[in-house]
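# Survey of secondary and tertiary structure
Below are the chains, spelled out letter by letter.
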Amino acid sequence: MRITVIGTGYVGLVTGACFADLGNDVLCLDIDEAKVALLRAGGIPIHEPGLSSVVERNAQAGRLRFTTDAAEAVAHGVVQFLAVGTPPGEDGSADLQYVLAAAASIGRHLDGYRVIVDKSTVPVGTADRVRATIAAEIAARGLDHPFSVVANPEFLKEGAAVEDFMRPDRVVLGVDDERALRIMRALYAPVQRNHERMIVMDVRSAELTKYAANAMLATRISFMNELANLAERLGADIEQVRKGIGSDPRIGYDFLYPGAGFGGSCFPKDVRALRQTASQSGMDMAILKAVHEANERQKQVLVEKVVGRFGASLEGRRFAVWGLAFKPNTDDMREAPSRVVIEGLLARGASVAAYDPVALEAARAIFSGEPRVTLCVQALAALEGCDALLIVTEWKEFRSPDFEAIRARLKQPVVFDGRNLYEPQLLADAGIEYFPIGRMQPAAGLHP
């Protein structure tokens, strides 16, 4: 099938590359000439495991191409995916200017039936606005071309996006006409051979489903973070509590890990956008307000632990930070807890040596004007001469480090763990002062 994908950001590039890998003829459109030049040269603008090889082999096979020509893009695909950014506005609502601009461009060049698919995360009612925008542009040309608008929200996890696309938990489809439904069923048939994964619903319900899913997951995270903070005050162990509640099949174990807060381009933005949508409908979603506020507080917890150990003034002290991306297997630092942690340390007079396996380039752009932040290319190198280590992202390479090497390089053997990677007894046995989140400290002489 001939497919056009408008936008070559995270969602658009993964969508286009994976559809091409399934045998489709895909043309990706972007107005960023430098990005298109990079993609044509074989580079990719994001870090996503497995994506580079998918892009490369499909570009070489001629199934995946890139353009800045809107007329060419609209003429190419019977299915037109809108995968442009929806950044938050000042009030927290999703900014639809890029979505509607893409829709207007389709309307200006449409020459026959097309299925326009909202792949971007958009508020309820966006499909109506896309439909009206396209119709107005067609009418202005004195034409009457038919088209359909479909909501097909993405559920890709950064760090596992290719796998998520090829083996989806579900394919949510909001559609209101049979012609579009037949086309979309045919398009997604290759990823449904094992069993039916497509959930067909009305358009507005599909738009709401995406926000509801991310808000639910964010709620679980914030609840566990609040519970971990309470467990710490009560002398309980959140890891034992997690196992106790996760064993209930109504709850399950997923997204029950406390930490230093959630970040990235989805959860924070989508929680705010859903709250704003509710507010515009005359409803105050108090639970989402609490989720957001709890997350903002949680991003401060590591710095508060540092202050509790070293004092309010951190002048002259240096801290190592392991992990800058908001989660493992990505270089995305948007709203990452590491940024809040580093800013909190700097505000108290400290300097920072930071390491991340893939996010150093993103970090350079963020901290380029801050001389007190040193970015290191090796984890152990970041520890040299530091007063303590702070772990902010749970990269696999941090899970079983050489604790003797850590002790040898730190001025003081102190570790603040924002992801609860280690057993407290293990660190105690290694002679390291350990500050996890919500974990019970081992009693002297007591071993599990």
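A short tour of the structure in this document, coming up. What you are looking at is a predicted structure, and each value in this text was computed from that prediction instead of being measured.

Helix and strand counts for the chain come out as 17 helices and 14 strands. Scaling as 2.2 N^0.38, a compact globule of 448 residues should have a C-alpha radius of gyration of about 22 Å, and the chain matches this with 24 Å. Taken over the C-alpha atoms alone, the chain extends approximately 80 × 45 × 45 Å along its principal axes. Counting the 448 residues in the chain, one finds 53% classified as buried. Sequence separation of at least 24 residues holds for 73% of the intrachain contacts in the chain that already meet a minimum separation of 6. Here the chain has roughly 19400 Å² of accessible surface; of this, 52% comes from carbon and sulfur atoms. Counting 50 positive and 57 negative side-chain charges, the chain places the averaged centre of each group 2 Å from the other.

Turning our attention to the nonpolar core. In terms of nonpolar packing, the biggest core is built from 52 residues, with F319, V321, W322, L324, L345, L389 and L390 touching the most fellow members. If you look at the next biggest cluster of nonpolar residues, it comprises 43 residues, including V11, L39, A83 and A161.

Moving on, we come to the pattern of salt bridges. The final tally for this structure, using the stated rule, is 28 salt bridges. Its salt-bridge partner being E335, residue R272 comes within 2.7 Å of it at the nearest N-O pair. Pair noted here: R272 is in helix α11 (residues 267-280) and E335 is in the loop between β9 (318-322) and α14 (337-347), with a separation of 63 residues, a long-range link. For E335, a relative accessible area of 29% translates into the label partly exposed. Several salt bridges converge on common partners, so that one network encompasses D128, R131, D176 and R204.

Another aspect to go through is the packing of helix α9 (residues 203-234) against α11. Viewed as axis vectors pointing N to C, α9 and α11 meet at an angle of 115°, and their least axial separation amounts to 9 Å. One finds that α9 runs roughly perpendicular with respect to α11. Like other packed secondary-structure pairs, α9 and α11 cross with a definite hand, here left-handed. Residues L208, K210, Y211, N214, A215, L217, A218 and I221 of α9 pack against F267, D270, V271, A273 and L274 of α11.

Below, the discussion takes up the packing of aromatic side chains. A complete count under the given rule lists 12 aromatic pairs for this structure. With 6.3 Å between their ring centres and 50° between their planes, F310 and F416 make a pair best called tilted. Of this pair, F310 sits in helix α13 (residues 301-310) while F416 sits in strand β13 (residues 414-417), and the two are 106 residues apart along the sequence. Look at F416 and you get buried, because its relative accessible area is 0%. With a centroid separation of 5.2 Å and 85° between ring planes, the pair formed by F403 and Y422 is classed as edge-to-face. Note that F403 is positioned in helix α16 (residues 403-409) and Y422 in the loop between β13 and α17 (424-429), a separation of 19 residues in sequence. The exposure class of F403 is buried, given its relative accessible area of 13%. Aromatic ring contacts, followed pair by pair, group F19, F81, F165 and Y188 into a single cluster.

For the rest of this paragraph, the subject is unusual backbone geometry. Phi at F255 takes a positive value of approximately 60°, unusual for a residue other than glycine. With respect to the helices and strands, F255 occurs in the loop between α10 (238-246) and α11. Judged by relative accessible area, F255 falls into the partly exposed class, the value being 32%. In this structure, N329 takes a positive phi of about 65° despite not being glycine. Counting through the fold element by element, N329 comes out in the loop between β9 and α14.

A sheet is described by the order of its strands in space; here six strands give the open sequence β11-β10-β9-β12-β13-β14, paired in parallel fashion. Edge strands, defined here as strands with exactly one partner in the open sheet, are β11 (373-376) and β14 (433-435). Each strand axis lies, on average, 20° off the axis of its neighbour in the sheet, ignoring direction. In the sheet, β13 pairs with β14 via three bridges, with the strands oriented parallel. Its bridge partner lying in β14, V414 is registered against E433. Sitting on the sheet, α13 is in contact with β9, β12 (388-391), β13 and β14, with an inclination near 155° to β13. Most of the contacts of α14 go to strand β10 (residues 351-355), to which it runs at about 160°, and overall it touches β9, β10, β11 and β12.

Definitions and cut-offs
- Residues numbered from 1 in each chain as written.
- Predicted model: local features only at pLDDT ≥ 70, side-chain atom pairs only at ≥ 80, totals over all residues.
- Heavy atoms only, no water.
- Helix = DSSP H or I, 4+ residues; strand = E, 2+ residues; numbered from the N terminus.
- Rg over C-alpha atoms; globule rule 2.2 N^0.38 Å.
- Buried < 20%, exposed > 50% of the residue type's maximum accessible area, 1.4 Å probe, protein only.
- Contact = heavy atoms within 4.5 Å.
- Areas by Shrake-Rupley, 256 points an atom, 1.4 Å probe, with all protein chains shown as cover.
- Lys, Arg positive; Asp, Glu negative; His and termini not counted.
- Charge placed at Lys NZ, Arg CZ, Asp CG, Glu CD.
- Core = buried A, V, L, I, M, F, W, Y, C linked by side-chain atoms within 4.5 Å.
- Salt bridge = Lys/Arg side-chain N within 4 Å of Asp/Glu carboxyl O.
- Axes fitted to C-alpha atoms, helices over the stretch in contact; angles between N-to-C directions.
- Parallel < 35°, antiparallel > 145°, perpendicular 65-115°, else oblique.
- Left-handed = near helix turned anticlockwise from the far one by under 90°.
- Phe/Tyr/Trp six-rings, centres within 6.5 Å; stacked < 30°, edge-to-face > 60°.
- Pairing = 2+ DSSP bridges.

Distances and angles like these do not, on their own, reveal function.
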